[in-house]
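Listed below are the residues making up each chain.
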Amino acid sequence: ISGWAKLRGNPKKPVITGNFYLDTTTILVDYLNTRFTFGGDFFVNQKGVFSTDRITLIDEDKTGTAQAELALTFDNFKNLKLNLDITKANNLKCLNTQRNDNDLFFGLGYVDGTCRIHGPLSAIDMEINLKTKAKSKLYIPYTETEVNTIAEFIEFKKKPGQEDQDTKKDKSSIGIKEPSIDLL
């Protein structure tokens, strides 16, 4: 990390401004057990931290990429809100979990497409428009075929040409606010 920041004001309401550069930074998305590497220029001010340009995300296999714009906003360093727009995902590894990692789903996922993750950290919204790649495998431990009580926010779809038997259920509230997921 390199850059500069200016901090002034009082401890109850500090005023910060600055720019910084992250070089080859790796983050772990714990819930999905995936790591992404990125670098780029950011600026910080009273309203939050923002990427100045699109940043390139590279997955842990170094075979998938995506473009992203990031904003982490706050009010006096409280009430954190995320706005992450991911575009041009190409063969991006976005899931790498085992059965013991998650009771709702697990598997290996490579995707193309876009998604937007935004809102307060306590109630994240996700708008997901991703298409799985051939080597993806998603497992949802689920025994009922007519009633969906485990993950009510999932809509099961048939591929074009198959019998149209979609099952759509109400949205659930398991810490994710109004997700939209299509499994193709």
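Provided above is the structure to which this section pertains.
Right, let's walk through the structure included here. (Residues numbered from 1 in each chain as written. Predicted model: local features only at pLDDT ≥ 70, side-chain atom pairs only at ≥ 80, totals over all residues. Heavy atoms only, no water.)

Turning next to the environment of Thr97. Tracing the backbone shows Thr97 in strand β7 (residues 78-97). Thr97 sits 41 residues away from Leu138 along the chain, and the two C-alpha atoms are 9.5 Å apart. Dropping the residues within four chain positions of it, Thr97 is found in contact with Tyr31, Leu32, Asn33, Phe105, Phe106 and Gly107. (Helix = DSSP H or I, 4+ residues; strand = E, 2+ residues; numbered from the N terminus. Contact = heavy atoms within 4.5 Å.)

Glancing now at the state of the cysteines. Covalent bonding between the sulfur atoms of two cysteines defines a disulfide. Summed over all chains, the structure comprises zero disulfides. Cysteine Cys94 is unpaired, with the sulfur of Cys115 as its nearest cysteine sulfur at 8.3 Å. Classification of Cys115 as buried rests on a relative accessible area of 13%. (Disulfide = S-S within 2.5 Å. Buried < 20%, exposed > 50% of the residue type's maximum accessible area, 1.4 Å probe, protein only.)

On to the packing of aromatic side chains, then. Tallied over the full model, the rule gives five aromatic pairs. On the basis of an interplanar angle of 15 degrees and a centroid distance of 5.4 Å, the ring pair of Phe20 and Phe42 is categorised as stacked. Pair noted here: Phe20 is in strand β2 (residues 13-29) and Phe42 is in strand β3 (residues 34-45), with a separation of 22 residues, a long-range link. Sitting over the ring of Tyr110, Lys135 keeps its end group 4.3 Å from the ring centre. (Phe/Tyr/Trp six-rings, centres within 6.5 Å; stacked < 30°, edge-to-face > 60°. Lys NZ or Arg CZ within 6 Å of the ring centre and 35° of its normal.)

Now for the nonpolar core. Among the nonpolar cores identified, the biggest contains 17 residues, and Phe38, Leu57, Ala66, Ala68, Ile86 and Leu92 are the most heavily contacted of them. When residues of this core are traced back to their parent elements, those giving at least two are β3, β5 (55-59), β6 (65-75), β7 and β8 (106-120). Looking at this core element by element, the count peaks at six residues for β7. For Phe38, the residues in contact, after removing those within four places along its chain, are Leu22, Asp23, Thr24, Thr25, Ile27, Ile55, Thr56 and Leu57. (Core = buried A, V, L, I, M, F, W, Y, C linked by side-chain atoms within 4.5 Å.)

By themselves, these figures tell us nothing about what the structure is for.
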